[in-house]
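An overview of the molecular structure
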Amino acid sequence: MSISDRIRVEDVRVLSQSYGKLTNTKLAWRRDDGSWQTQQREVYDRGNAAAILPYNLQKRSVILVKQFRYPAFVNGHDDLLIEAAAGLLDDATPEERIRLEAEEETGYRLHDVKFVFEAFMSPGAVTEKIHFFVAEYEPQMRVSAGGGLAHEGEEIEVLQLLIEDALAMISDGRIVDAKTIMLLQHAALKIFV
């Protein structure tokens, strides 16, 4: 039996449609014993995204970005967030979007972008799926200072870190962003071995 055979959507109400779309859904879920259970779920849909970790094997370094994130701040993170460059797809393919996003945020024009995996980041309430990429970078690939787009509210600092230092920043709490932790762990296991 497929999941679509186990669900009946009874009502969907749009609660907000601004940056994303927040809905309240009433549904019936068919449990393993065959009974139907009514459930209510709020779902936030902001679209899918892509994230990338540029790396340099010779220097044993990675490129990350540092910026203000209001949701992290209101949840007690009183610092700028260190992250992998990322952005919403906005009707582009994941590879197209991540190339543009990497250049906007980091200033690097990356050539050989490699898809590594995709993941739902908070599937209990958010529809977003992130497509994860890695790419080798060389100093001559830097075509601008990066920093993001001011008209989108971005004010981004570009960081070049040794992989060992970036991994230590996970342990000591300076890197707390899930997509970044996932990409750094991938790099530790598959790239910098």
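No experiment lies behind these values; they were computed from the predicted model shown.

**Examining the overall build of the chain**
Helix and strand content of the chain: 4 helices and 10 strands. Ordered by position from the N terminus, the helices and strands of the chain form the series β-β-β-β-β-α-β-β-α-β-β-β-α-α. Considering only C-alpha atoms, the chain reaches an extent of 60 × 40 × 35 Å along its principal axes. Counting only residues that meet the buried cut, the chain has 38% of its 193 residues in that class. Of all intrachain contacts in the chain linking residues separated by at least 6 positions in sequence, the fraction that spans at least 24 positions is 58%. Counting only carbon and sulfur atoms, one obtains 49% of the accessible surface of the chain, whose full area is about 11,100 Å². Between the averaged position of the 22 positive side-chain charges in the chain and that of its 31 negative side-chain charges there is a distance of 5 Å.

**Quick word on the environment of Met 121**
Checked against the element boundaries, Met 121 lands in the loop between strand 8 (113-120) and strand 9 (129-136). Spatially, the C-alpha atom of Met 121 lies 23 Å from that of Ile 163, the residues being 42 residues apart in sequence. Setting aside anything within four residues of it in sequence, one finds Met 121 in contact with Glu 128, Ile 130, Phe 132, Ala 178, Lys 179 and Met 182.

**Regarding the packing of helix 3 (residues 163-171) against helix 4 (residues 178-191)**
One can describe the packing of helix 3 onto helix 4 by two numbers: an axis separation of 10 Å at closest approach and a directional angle of 135°. Here helix 4 runs oblique to helix 3, going by the angle between their axes. As for how helix 3 packs across helix 4, the hand of that crossing is left-handed. Along the contact surface, helix 3 presents Ile 163, Ala 166, Leu 167 and Ile 170, while helix 4 presents Ile 181, Leu 184, Gln 185, Ala 187 and Ala 188.

**Comments concerning the side chain of His 186**
Considering the arrangement of structural elements, one finds His 186 in helix 4. By relative accessible area, His 186 is classed as buried at 16%. Among all residues touching His 186, those that are not within four sequence positions of it are Val 116, Phe 117, Val 134 and Ile 191.

**Observations regarding the sheet that holds strand 1 (residues 7-17)**
A sheet is described by the order of its strands in space; here 3 strands give the open sequence 1-2-3, paired in antiparallel fashion. The sheet is open, and its two borders are formed by strand 1 and strand 3 (36-45), each paired with just one other strand. Averaged over all neighbouring strand pairs, the angle between strand axes comes to 15°, with direction disregarded.

**A closer look at the pattern of salt bridges**
Counting across every chain of the model gives 12 salt bridges. Of the charged contacts in the structure, one is a salt bridge between Asp 172 and Arg 174, with a shortest N-O distance of 2.7 Å. By relative accessible area, which is 45% here, Arg 174 ends up partly exposed.

**Focus: the packing of aromatic side chains**
Under the definition given, this model contains 6 aromatic pairs. Seen in terms of ring centroids, Phe 68 and Phe 73 are 6.3 Å apart; in terms of plane orientation they differ by 50°. Their pairing is tilted. Aromatic pair Tyr 70 and Phe 73: ring centres 6.4 Å apart, planes at 35°, arrangement tilted. With Tyr 70 and Phe 73 both in helix 1 (residues 70-74) and 3 residues apart, the pair spans about one turn of that helix. On the basis of relative accessibility, which here comes to 40%, the residue Phe 73 falls in the partly exposed class. In this structure, Arg 8 packs its charged tip against the face of Trp 36, placed 3.8 Å from the ring centre.

Analysis parameters
- Residues numbered from 1 in each chain as written.
- Predicted model: local features only at pLDDT ≥ 70, side-chain atom pairs only at ≥ 80, totals over all residues.
- Heavy atoms only, no water.
- Helix = DSSP H or I, 4+ residues; strand = E, 2+ residues; numbered from the N terminus.
- Buried < 20%, exposed > 50% of the residue type's maximum accessible area, 1.4 Å probe, protein only.
- Contact = heavy atoms within 4.5 Å.
- Areas by Shrake-Rupley, 256 points an atom, 1.4 Å probe, with all protein chains shown as cover.
- Lys, Arg positive; Asp, Glu negative; His and termini not counted.
- Charge placed at Lys NZ, Arg CZ, Asp CG, Glu CD.
- Axes fitted to C-alpha atoms, helices over the stretch in contact; angles between N-to-C directions.
- Parallel < 35°, antiparallel > 145°, perpendicular 65-115°, else oblique.
- Left-handed = near helix turned anticlockwise from the far one by under 90°.
- Pairing = 2+ DSSP bridges.
- Salt bridge = Lys/Arg side-chain N within 4 Å of Asp/Glu carboxyl O.
- Phe/Tyr/Trp six-rings, centres within 6.5 Å; stacked < 30°, edge-to-face > 60°.
- Lys NZ or Arg CZ within 6 Å of the ring centre and 35° of its normal.

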